[in-house]
Amino acid sequence: MSRAPESTVVGRPDARRLSASPISLSLRQVGMRYPAAGDVPAVLRDINLEIPAGDYLVIVGRSGSGKSTLLNLLGCLDQPSQGEVLVGGQSTRAMTETELAAVRRRDIGFVFQSFNLIPTLTVRENLLVPLQLNGAESEAAAERVFSLLAAADLKDREARFPEELSGGEQQRVAIMRAIAHEPAVLIADEPTGNLDLPTARLILELLESFGHGQGRTLIMATHSREVMGRAQRVLQISEGRLLEVTAAGPVP
Amino acid sequence: MTAAAVNRSLLLLAGLRFYLRHPGQLGLTVAGIALGVATVVAIDLAAYSSGQAFEASTRLFRGQATHEISRPGDSLPDDLLARVRRDYGIAMSAPTVEGRLRLAVEPRRSISLIGIDPLSAARVGGATAAFAPGASNFAGLMTQPGAVLISAAVAQELGVETGDELKLLDGGGESLSIIGQVPGESGERYLLADIATAQEILQRTGQLTRIDLRLTADQAGLLTSQLRQEGLQLRPVAATLGQVDAMTRSFRINLQALSLLALLVGAFLVFSTVSFSVVRRREMFGLFRSLGARRREVLQLVLTEIVVLAAAGVALGLLGGIVLGSGLVSLVLRTIGDLYLSTSVDYFGVSLPLLLKAALIGFGASLGAAAWPAIEAARAPPRRAMLRAYLERQGRQAAGSRLLLSVALACAAAVLLLFTRELRLAFVGIFMVLIAAAVAAPPLVQFSMRGLAAASTWLPLSYAARSVAANLSRTGPAVAALMIAVATFSGVGLMIGSFRLSVDEWLSYSLDADVLVRPTDSRALAASGEEADLLAELRRLPGVMDLSLSRRRALPDGQGIATLLAVQPAVQGRWPQSEQPRARVLASLARPDQVLVSEPFARKRDVAEGDALSLLTPAGEREFSIAATFVDYSTDLGLVAMELGRYRQLFGDQQLDTIGVFTATGQTATVLAQVEDLADRRGDLRVTTSAFLRQLSLLVFDRTFTITQVLRLIAGLVAVIAVINALQAQRLDSRREIATLRALGFSPGQVLRLGEMQSLLLGTGAGVLAVPVGILMAWLLIVVVNRIAFGWSMVFVIDWWLVSQGVLLAAVAGLLAGWLPNRRSLRESPAVALRAD
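Residues numbered from 1 in each chain as written. Chains lettered and ligands numbered in written order. Predicted model: local features only at pLDDT ≥ 70, side-chain atom pairs only at ≥ 80, totals over all residues.

1. Structural notes on the overall build of chain A
Tallying secondary structure elements over chain A gives seven helices and ten strands in all. Counting the 252 residues in chain A, one finds 50% classified as buried. Taking contacts inside chain A between residues at least 6 apart in sequence as the whole, the part at least 24 apart equals 72%. (Helix = DSSP H or I, 4+ residues; strand = E, 2+ residues; numbered from the N terminus. Buried ≥ 20, exposed ≤ 12 C-beta atoms within 10 Å, placed from the backbone. Contact = placed C-beta atoms within 7 Å.)

As structure tokens, then:
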């Protein structure tokens, strides 16, 4: 199951961008406050962070500490209230929504805690979505989906709808969907939070194998101490601040 | 306060806050209820007001009169009054002459001129409004030439007052002097004159329309038999009122049915909005249940909410209905005036019982619509209520039973429609058909969308189709409402279109002559023996090929409702429109003992070809055989046609109403000019063309159906509101999905296009389903309802452009209704949408 599919260049002439071109991410003086929060303190405050291409970064912190908010900013799903997020040296503030969508479509793969598969599409169709979005030719896309299904041991599930799968299977599909278009960055927001321990282990292996193992930047929010031990860097977030940046090793 | 009471008030607070946070949902629910109630109120009030107005009008100058003498379809000689007083000793008698005229200030609308003898009227207690102290210069009527009193309604409409002159459009263009006004609450439109003045203006010297009498039972008994021998009729005033009632019964039932149809469409809208508001909060109800709320409490919460919303909707609906009704009533009154009576009135009154009935219907429909979703919300186990998948699965499992229920309803409706001859039951059957279609609509849309998704190789299309199918647990009621609204829009449109086509075709048979000549005083023409000369003169005109002659009067069958048409058809004409060959029908008509009957007559009297029909002639009762039936839309009260020569022989009536002039090809204009010259020279003929009358008839037709067109528009409005509802539901349901798509890299334009594709599919799906339902509805209205109500048969023509208008309405409504929700879904950051779920 864990054998990685070959990185295939698929699609149109500009499909070169589908393959993982190294991309660095930076946060500069980033602060985040939700409009509805009123007097509640900012979720993130004065965050500065450099994530070089190919990094394996784990973000830890209590519930509500701002982990998901930080990942949303890194994944270009949201804009900071202050400061700026740089993707490949370009500030997301200068980008239109269409340009941001293009970055998400091309360079980033996102895995959610609650899977977020499209309920009305089959497993196979869910995997086709990012490929078609990137203009992959149908034959090449079909080959890519075939190899992804095989790699995730989901070949017999390809015609099933998400609600017909177990949690572990859904998350495997979500990971395959996140890497289908060969993004440079793979972001996972507590990907094992809804899974039992053995399943969680399998998912982590899959993420590492297809993420960091293939040279991608892997950024993961998690409570798992096991993961913390395997990451290159661990960041702890507390009360909206990055309190500590440690090298891999146990977090106090 | 008990724990249960606290619990209940908190639940209610949560429910009300939901609506305050979702004002759009609140607005849609209230608007749905209001629209349904407003339509019922409007049509009911219009029908009620018209009834009141005509009753007031019928009683206007009859006062304390108990009976009236009249000759159906003909006038009375004015020496009859002297005989009644002298020979029968009845002093309480008052003569009246009535007719219509047009004024130069308002040439488009004719007005009643009523001539009375003020002193006699005072004796029977009539014209009390005119006698009111200070109301008018009543004595002036008898002393000033051309003096008239004007009803307050007409004075206001024309902007004239006492002392003004009114120039007549017809006749010699004389002027009338307004010497006073007559107040009236019922808005009657008339001019009141002394009987001699009225006879002169209406060119009915020596003629009376009726004589009103105050009789004892003995006097009435004596008079009835004696007047009958003279071919006159003595009828209680109450019977006259009953006759108005009988004549307009079918029309009023149709109006009622239309209002109920509007209510049914409105009820579906209420059902869809209420279902949506309940289904949307099933997680909240599930939470309440998880926290210990009992089923009964959840049920009470939903129903209490609905009562509050229904109160707002009903209040708005009553107000809106009164406003809409005041607009509709003049349409109804003009229609009744055009089709059944010569009187014209303008009146709008509000009836408290009708408002109460509409309010009850509004509350009933709202609670009925909310009942099932409320029970479902209360019944579901707490955990399941929170799971969307549970609802979807339930919906899929129920699809089969829904289709079965739909088929059962359709079968029951078919049996009812096949065997009933009762108009109300026929409408019940049509409503059952619509409900059956509504029950089947969501599963059918679901199946078709799944089919489309399976057949499509284009991922966005299959995604959009599957999304539409998947969201039907929320959008199902709105899809049903949309389908019913569009079916009503198309069905009623098809019915009107087919009817109009049938009437147009019939007009080509009934107005078969090219030029029509009408004597202004047919009695004079008959009396002086000039008829033969006139006909000979017409025949001699170059280009004239043939003439047809006709005379209409009330059917002498003791009821006076149907019409007798005495006719001498032209050889080259087309009348009558019958299934039998024309030559055979005309040959039968020429036989002395044979008559033709119109379809409504045959149906209402339950007679057919070969049956016998008794008519009362001055020489006593005569029996005729019905040779054939023919199409006639001029009256639903029935028409019997007899050969003119035979009629004259039997009834001794030598008058003519219409002479049809048939011209050689391309000679109509020349002949018309010559006939007009002849009419100018003689001064006793009115000339018009068939083409003009045909246009006028179609104008009256269109005016008659204006109220039905209003219903179509309401149905269209309901369709738009229903689809807004459905799409709001769909967009809300898809909030997380849209955020996921955007996280995957869908651009705003791509998300928008997907949303629009879903909107289009939803609207088009319901619109396409509405096609067969609309066609079936039109067919039932034509074949079942019109036959039962009026006895008319019609061609059934499917106007595909009109049908596609329905589909287009649904599709465009879908796109328009999706405009805002689709764009709103993009305003939210995907991170917020993902976090919120």
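Don't stop here, the text continues.
2. Regarding the overall build of chain B
A count of helical and extended segments in chain B gives 30 helices and 20 strands. Within chain B, the fraction of its 837 residues that count as buried is 48%. Put simply, of all contacts in chain B between residues at least 6 apart along the chain, 84% involve residues at least 24 apart.

3. Here we look at the nonpolar core
All names here are of chain B. Ranked by size, the top nonpolar core spans 265 residues in total, and within it Leu 482, Met 483 and Ala 719 carry the most contacts. With 20 residues, the single largest contributor to this core is helix α18 (residues 472-510). In this view, Ala 719 contacts Leu 482, Ala 485, Val 486, Phe 489, Leu 809, Ala 810 and Ala 813; residues no more than four positions away in its chain are not counted. Counting 38 residues, the second-largest nonpolar core is a separate cluster that includes Leu 166, Ile 179, Val 182 and Ile 211. (Core = buried A, V, L, I, M, F, W, Y, C linked by C-beta atoms within 7 Å.)

4. Thoughts on the interface of chain A and chain B
At the junction of the two partners, chain A supplies 25 residues and chain B supplies 22 residues. Secondary structure elements with two or more residues in the side of chain A that touches chain B: α1 (67-74), α2 (97-107) and α3 (123-133) of chain A. In terms of residues, the side of chain A that touches chain B owes the most to one element, α2(A), which gives seven residues. Of the residues assigned to the side of chain A that touches chain B, the class counts are twelve nonpolar, six polar and seven charged. (Nonpolar A, V, L, I, M, F, W, Y, C, P; charged D, E, K, R; others polar.)

5. What about the sheet that holds strand β15 (residues 594-598) of chain B?
Residues and elements named next belong to chain B. Strand order in the open sheet made by the nine strands is β16-β17-β15-β18-β14-β13-β19-β12-β20, with mixed pairing throughout. Looking along the sheet, the strands with just one partner apiece sit at the ends: β16 (612-617) and β20 (685-689). Within the sheet, the average angular offset between the axes of one strand and its neighbour, ignoring direction, is 30°. Alignment of strand β13 (residues 544-554) against strand β14 (residues 563-568), held across six bridges, turns out to be antiparallel. Across the sheet, residue Ser 550 finds its bridge partner in β14, namely Val 567. Against the sheet, helix α20 (residues 531-540) makes contact with β13 and β19 (658-663), and its axis sits at roughly 145° relative to β13, the strand it touches most. (Pairing = 2+ DSSP bridges. Axes fitted to C-alpha atoms, helices over the stretch in contact; angles between N-to-C directions.)

6. Description of the sheet that holds strand β4 (residues 82-87) of chain A
All names here are of chain A. Taking strand neighbours across the sheet as the criterion, the four strands line up as β2-β1-β4-β5 in an open arrangement whose pairing is antiparallel. Two strands lie at the open edges of the sheet, namely β2 (44-51) and β5 (90-91), each paired on one side alone. By the bridge criterion, five bridges tie strand β1 (residues 25-32) to β4 in an arrangement that is antiparallel. Across the sheet, Gly 31 pairs through a bridge with Gln 82, a residue of β4. Sitting on the sheet, α1 touches β1, β2 and β4, and the angle it makes with β1 is about 130°.

7. Some remarks on helix α16 (residues 423-455) of chain B
Between the first and last C-alpha of α16(B) there are 45 Å, a value that for 33 residues agrees with the 48 Å anticipated at 1.5 Å per step. The largest bend in α16(B) is about 40°, located at Ala441(B), with the proline Pro442(B) one to four residues further on. (Expected span 1.5 Å × (residues − 1). Bend = angle between axes of the 7 residues up to and from the residue.)

8. What to know about the packing of α3(A) against helix α4 (residues 138-151) of chain A
Residue and element names in this part refer to chain A. Taken N-terminus to C-terminus, the directions of α3 and α4 make an angle of 130°; their axes are 10 Å apart at the nearest point. By the criterion of interaxial angle, the relationship of α3 to α4 is oblique. Relative to α4, α3 is oriented so that their crossing is right-handed. Residue-level contacts link Arg 124, Leu 127, Leu 128, Leu 131 and Gln 132 of α3 to Ala 141, Arg 144, Val 145 and Leu 148 of α4. Across the contact of α3 with α4, the residue classes break down as six nonpolar, one polar and two charged. (Parallel < 35°, antiparallel > 145°, perpendicular 65-115°, else oblique. Left-handed = near helix turned anticlockwise from the far one by under 90°.)

9. A word on the environment of Leu13(B)
All names here are of chain B. Inspection of the secondary structure puts Leu 13 in helix α1 (residues 3-21). Residue Leu 13 is classed as exposed on the basis of its C-beta count, with 10 C-beta atoms lying within 10 Å. Each C-alpha atom, one on Leu 13 and one on Leu 301, is 9.5 Å from the other, the two residues being 288 residues apart in sequence.

10. Topic: the confidence of the model for chain B
Per-residue confidence for chain B gives a mean pLDDT of 79, with 81% of residues at or over 70. Scored as a complex, the prediction yields pTM 0.68 and ipTM 0.70. (pLDDT = per-residue confidence, 0-100.)

11. Details of the confidence of the model for chain A
Of all residues in chain A, 86% have pLDDT values of 70 or greater, and the mean over the chain is 81. A low-confidence stretch, residues 1-20 of chain A (pLDDT under 50), is modelled with 54 contacts involving residues beyond four sequence positions or located in other chains.

12. Regarding the packing of helix α28 (residues 748-789) of chain B against helix α29 (residues 800-827) of chain B
All names here are of chain B. At a minimum axis separation of 7 Å, α28 and α29 run at an interaxial angle of 150°. On the basis of their axis angle, the class for α28 and α29 is roughly antiparallel. When the axes of α28 and α29 are compared, the crossing they make is right-handed.

13. Observations regarding the pairing of β1(A)
Across five bridges, β1(A) lies against β2(A) in antiparallel orientation. By the bridge assignment, Leu27(A) is partnered in β2(A) with Leu49(A).

14. Structural notes on the environment of Leu269(B)
All names here are of chain B. Note on placement: Leu 269 falls in helix α10 (residues 237-279). You can call Leu 269 buried: it has 32 C-beta atoms within 10 Å. With 212 residues separating them in the primary sequence, Leu 269 and Ala 481 have C-alpha atoms 5.4 Å apart.

15. Considerations on unusual backbone geometry
Trans peptide bonds make up most of the peptide bonds, and negative phi angles are found at most residues other than glycine. Here the residue pair Trp575(B) and Pro576(B) is connected by a cis peptide bond, since its omega of 0° sits within 30 degrees of zero. If you check the backbone angles, Phe115(A) has positive phi at about 65° while not being a glycine. Structurally, Phe115(A) can be placed in the loop between β6 (108-111) and α3. Owing to 23 C-beta atoms within 10 Å, Phe115(A) belongs among the buried residues under this scheme. Its identity is not glycine, yet Asp606(B) carries a phi of approximately 55°, on the positive side. As for its placement among the helices and strands, Asp606(B) is situated in the loop between α22 (599-604) and β16.

16. Quick look at the environment of Leu444(B)
Within the secondary structure, Leu444(B) sits in helix α16. For the pair Leu444(B) and Leu769(B), spaced 325 residues apart in sequence, the C-alpha separation works out to 8.1 Å.

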